Amino acid sequence: MKHLTLIKTIFLIQLLSIATARAQTGPCLRVSTDTWTTCPAQTVLDATTFLPSNLVVFNVAEPNADLESNPGARYKAFWMFGDGNFKWYGYGTPEQDLSTMSHTHLYENPGTYFPVVVLSERKSNTTPPKKPKRSLSIQGMNVAPPPGGNFQPQIPTGRSMNIFNHDYNRPHYPTVFVVSAKPGNELSRIYFFYNSKSNNRGGYEPINIHNRLDTVYFPHYFPSTVNYSTSPTAATAWPAQLSELQTILASQFGNFLVVSSEKGGFKEYEQAAGQMQALYQNREDNSRISPPQEIRIFPELLSTWDDNWINLEARDTSLPKGYYLALAVGSTPVPAQDPNLPNSPNPLFGEVLQYFPNLDRSTLQCGSGAYIQGIATAEVDMVASIDPNGLTVLEICPLGNDKFKVKIRMEVCNEGYMHEQNFGLNLKDHTGQISKPNFISGKTPKFLKDSADVWLYVWEVFLDGVPLPNESAQSREQARKLCETAEFEVETNWSGVQKIVRGEGLELCVKFEHARKECTKNYKVDEDFCKECGYACTSESGCKCQDQHCTILQICLLVILVIILLWWILKGRSGSASI
């Protein structure tokens with residue numbers, strides 16, 4: 001009895017542990033030393049975690065749930081490790097997106113780091129996910145960095161700077177940028193200009209794409225005293241270092257970020273070998289760490305929404321493309337000749353003068369005692385509500401002789417700002433082994449024609465779309481049907497089944513009248529399948545095993561055959577005995 005009570009107590013503790021682990025409100029960032037029940041806070045830094053190794057395994061916990069009610073929508077990750085390195089995972093299948101939630105990183109130096117993983121969503125424009133953060137103290141250096149170090153350069157060859165963004169600009173979503181500059185000539189400031197778009201006159205003009213600078217992340221080699229500031233309008237409070245550029249920049253950009261080294265910031269040092277390398281003063285004790293060939297900052301801009309982006313005639317969106325400019329400024333001119341090719345002009349001069357033709361063509365002086373060291377530009381698309389169209393595999397069943405019937409649900413949603421009706425769609429076979437779809441439920445699309453494994457349809461349905469952003473709450477609540485579904489069956493062979501299971505078999509493309517064509521491949525089939533049957537078989541109610549080797553009907557037939565055989569043998573024996 002005591003033994004039974006002990007077992008119950010242990011079981012209760014386990015249940016409480018599971019409940020605690022599942023009661024978290026969002027994803028969190030775990031590291032090598034965490035136990036499975038611990039999970040730091042998501043919105044603020046947790047207490048510093050002391051790690052004995054510089055090889056750290058990061059995991060984002062609880063990232064695998066469907067987002068809202070949108071099947072196939074998954075998180076994908078953008079990792080910032082706090083030492084200047086970053087890792088971006090782009091669009092993939094749900095399985096590929098999920099695999100980005102784990103990453104192993106090697107730190108080259110001991111010290112305190114503030115890694116962050118920014119999560120975005122593959123097929124959703126709803127509430128942005130959390131940004132898990134950690135505070136790590138790397139104390140043990142038990143893993144040697146590879147020859148040449150672990151820092152990953154991101155500036156293209158022949159360029160002086162680079163701007164990297166991890167995703168599109170989305171209303172109410174943060175977009176993280178990476179601004180990389182090559183160190184040189186006592187680099188003193190880095191500028192990042194934003195809130196601009198191209199106009200139909202071939203130039204650029206201010207526009208409010210981002211309503212605020214949410215966060216600026218600094219790598220480990222920046223000192224804690226680094227000075228940075230933002231200006232709400234580029235036309236006021238211009239720094240003297242950019243006096244020669246004020247007129248041009250003020251007419252193009254609404255905002256800018258400046259990071260300055262004036263208070264013990266980034267400086268260049270000379271190695272004993274005589275080669276110049278970026279070594280930065282980090283702490284008051286003047287200790288040195290190395291990464292890089294590049295200095296980086298990570299601005300996070302929060303995108304906004306403007307009703308003027310809606311075309312009043314079409315009642316649909318016409319979104320701007322954001323334009324961004326990064327400048328690095330130093331205290332001495334850069335050489336006019338290419339440092340790597342002494343007989344060639346420095347490519348920086350041509351790049352800068354392309355945007356600022358009135359600068360001094362021999363020094364690139366942009367202000368009093370200030371000279372441009374680097375420049376980069378970027379354009380980033382903005383997306384509004386997208387159409388989460390999808391193909392969900394409901395059931396795979398064998399027909400014998402290497403033939404299989406696959407049941408699929410097609411869903412088309414209109415999350416634009418105008419109703420759509422009688423729109424075009426097509427289904428494309430990427431296996432070369434799939435039969436023409438046979439629609440079995442829902443409103444059947446009208447078949448137009450087929451061509452090269454593509455079936456073309458028009459769907460005579462009406463989809464309202466979402467209400468406009470400035471409409472009343474009552475109007476929003478009265479929004480009617482946004483999505484339409486239909487189910488169809490196709491036949492294929494084992495090779496086709498394998499590609500469908502991997503999410504590579506069929507592709508749905510939808511072309512609304514007021515939006516560009518959008519395509520998505522069928523969602524990957526869950527790995528929980530009937531392994532004893534040798535193929536994937538799934539449905540909404542669970543696994544249905546209907547293979548010729550494991551169906552009840554075939555087992556019954558086999559039993560009947562055995563009974564007939566025994567009867568025939570026994571009858572033969574009885575006949576022999578009577579003779």
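Residues numbered from 1 in each chain as written. Predicted model: local features only at pLDDT ≥ 70, side-chain atom pairs only at ≥ 80, totals over all residues. Heavy atoms only, no water.

*Asks:* Even after reading the chapter, I still don't get the sheet that holds strand β34 (residues 483–492), so can you show me in this structure?
*Replies:* To summarise the sheet geometry, strands pair through backbone hydrogen bonds and adopt either a parallel or an antiparallel arrangement. Spatial ordering of the open sheet is given by β28-β29-β34-β31, a layout of four strands whose pairing is antiparallel. Two strands close off the open sheet at either side, each with one partner strand: β28 (390–400) and β31 (438–442). Sheet twist, expressed as the mean angle between neighbouring strand axes with direction ignored, is 20 degrees. Alignment of β31 against β34, held across four bridges, turns out to be antiparallel. When the sheet's bridge partners are listed, Gly 442 is paired in β34 with Ala 486. (Pairing = 2+ DSSP bridges. Helix = DSSP H or I, 4+ residues; strand = E, 2+ residues; numbered from the N terminus. Axes fitted to C-alpha atoms, helices over the stretch in contact; angles between N-to-C directions.)

*Asks:* Explain the state of the cysteines here, please?
*Replies:* Put plainly, two cysteines are in a disulfide when a covalent bond ties their sulfur atoms together. All chains considered together, the criterion is met by two disulfides. The disulfide that involves Cys 413 links it to Cys 483, with 2.0 Å between the sulfurs. Across the S-S bond of Cys 413 and Cys 483 the torsion is about 110 degrees, and the bridge reads as right-handed. On the criterion of sequence distance, the pair formed by Cys 413 in strand β29 (residues 403–413) and Cys 483 in strand β34 is long-range, its members being 70 residues apart. Across the disulfide, Cys 509 is cross-linked to Cys 519 (sulfur-sulfur distance 2.1 Å). Linking Cys 509 and Cys 519, the disulfide has an S-S dihedral of approximately 115 degrees and is accordingly described as right-handed. Within this pair, whereas Cys 509 is found in strand β35 (residues 506–511), its partner Cys 519 is found in strand β36 (residues 518–521), the two being separated by 10 residues in sequence. Judged by its relative accessible area of 7%, Cys 509 falls in the buried class. (Disulfide = S-S within 2.5 Å. Buried < 20%, exposed > 50% of the residue type's maximum accessible area, 1.4 Å probe, protein only.)

*Asks:* I tried to follow the packing of aromatic side chains on my own but got confused; where do I start?
*Replies:* For any pair of aromatic rings, geometry is given as the distance between the ring centres together with the angle between the planes. Following the criterion strictly, the structure yields 28 aromatic pairs and no others. Seen from their ring centres, Phe 218 and Tyr 228 are 5.2 Å apart, and the 55 degrees between their planes marks the pair as tilted. One end of the pair, Phe 218, is in the loop between β15 (210–217) and β16 (227–231); the other, Tyr 228, is in strand β16, and 10 residues separate them in sequence. According to the relative accessible area criterion, Tyr 228 is partly exposed, its value standing at 39%. Three or more aromatic residues joined by ring pairs make a cluster, and in this case those are Tyr 191, Phe 193, Tyr 204, Phe 253, Phe 256 and Tyr 323. (Phe/Tyr/Trp six-rings, centres within 6.5 Å; stacked < 30°, edge-to-face > 60°.)

*Asks:* How should I be thinking about the side chain of Arg 134 in this particular structure?
*Replies:* One can find Arg 134 in the loop between β8 (116–121) and β9 (136–138). There is a polar contact of 2.7 Å between the side chain of Arg 134 and the side chain of Thr 49. (Polar contact = N/O pair within 3.5 Å; in protein donor to acceptor, adjacent residues only side chain to side chain.)

*Asks:* Would you mind showing me how to read helix α4 (residues 347–355) here?
*Replies:* Note that an α-helix has 3.6 residues per turn; residues three or four places apart therefore point the same way. Turning to α4, its buried residues are Leu 348, Phe 349, Glu 351, Val 352 and Leu 353. Buried positions along α4 lie against β27 (370–380). For α4, the side-chain oxygen to backbone nitrogen distance between the N-cap and Leu 348 is 3.0 Å, and the N-cap itself is Asn 346. (Contact = heavy atoms within 4.5 Å.)

*Asks:* Quick question: what am I supposed to make of the side chain of His 105 here?
*Replies:* Inspection of the secondary structure puts His 105 in strand β6 (residues 102–106). Overall, His 105 belongs to the buried group, its relative accessible area being 5%. A distance of 2.9 Å separates a polar atom in the side chain of His 105 from a polar atom in the side chain of Asp 83. Beyond its immediate stretch of four places on either side in the chain, His 105 contacts Asn 54, Leu 55, Val 56, Phe 58, Phe 81, Asp 83, Asn 85 and Asn 150.

*Asks:* How do you make sense of helix α6 (residues 494–501) when you look at a structure like this?
*Replies:* Among the residues making up α6, those that are buried are Gly 496, Val 497, Ile 500 and Val 501. An end-on view of α6 places all buried positions within 135 degrees of arc, on one side of the element. On its buried side, α6 packs onto β28, β29 and β34. The positive-phi residue at the C-terminal boundary of α6 is Gly 503, with phi of around 80 degrees. (Arc of directions from axis to C-beta.)

*Asks:* Would you explain the pattern of salt bridges in this entry?
*Replies:* Side-chain pairing between opposite charges can occur once the charged atoms of the two side chains come close. For the coordinates displayed, the defined rule picks out 11 salt bridges. Asp 214 is paired through a salt bridge with Lys 131; the nearest N and O atoms lie 3.2 Å apart. With Asp 214 in strand β15 and Lys 131 in the loop between β8 and β9, this residue pair connects regions lying 83 residues apart in the sequence. Note that Arg 201 is salt-bridged to Glu 205, the shortest N-O span being 3.4 Å. Classification of Arg 201 by relative accessible area gives exposed; the value is 64%. (Salt bridge = Lys/Arg side-chain N within 4 Å of Asp/Glu carboxyl O.)

*Asks:* Teacher, can you tell me more about a nonpolar patch on the surface here?
*Replies:* A cluster of nonpolar side chains, namely Leu 558, Val 562, Leu 565, Leu 566, Trp 567, Trp 568 and Ile 569, defines an oily patch on the protein surface of about 750 Å² accessible area. Looking at the secondary structure, you find Leu 558 in helix α7 (residues 552–578). (Patch = residues over 30% accessible without salt bridge, like charges linked within 9 Å, V, L, I, M, F, W, Y side chains within 5 Å. Areas by Shrake-Rupley, 256 points an atom, 1.4 Å probe, with all protein chains shown as cover.)

*Asks:* What is the right way to read the sheet that holds β36 from this model?
*Replies:* With antiparallel pairing, the five strands of this open sheet are ordered in space as β32-β33-β30-β35-β36. In this open sheet, the two strands that pair with only one neighbour each are β32 (446–451) and β36. Strand-to-strand, the axes of this sheet are offset by a mean angle of 25 degrees, without reference to chain direction. As defined by bridge partners, strand β30 (residues 420–429) adjoins β35 across six bridges and the pair is classed as antiparallel. Its bridge partner being in β35, Leu 425 is matched across the sheet by Val 510.

*Asks:* Is there a simple way to explain the confidence of the model for the chain in this structure?
*Replies:* Low pLDDT marks stretches whose predicted atomic positions should not be read closely. For the chain, per-residue confidence averages 75 on the pLDDT scale, and residues scoring 70 or more make up 69% of the total. Below pLDDT 50 for its whole length, residues 66–73 participates in 20 contacts with residues either more than four positions away or in separate chains. Throughout residues 527–551 the model reports pLDDT below 50, and contacts reaching past four residues in sequence, or to other chains, amount to 48 contacts. (pLDDT = per-residue confidence, 0-100.)

*Asks:* Where do I start with the pairing of strand β12 (residues 187–194) in this structure?
*Replies:* Strand residues, when the strand is regular, have side chains that alternate between the two faces of the sheet. Taken across its eight residues, β12 has eight buried, putting it largely inside the fold. Where β12 meets strand β25 (residues 322–330), six bridges bridge the pair, whose relative direction is antiparallel. Considered in β25, the bridge of Leu 187 is made with Gly 330. Here β12 pairs with strand β17 (residues 255–260) via six bridges, running antiparallel. The residue bridging Arg 189 from the neighbouring strand is Ser 260, located in β17.

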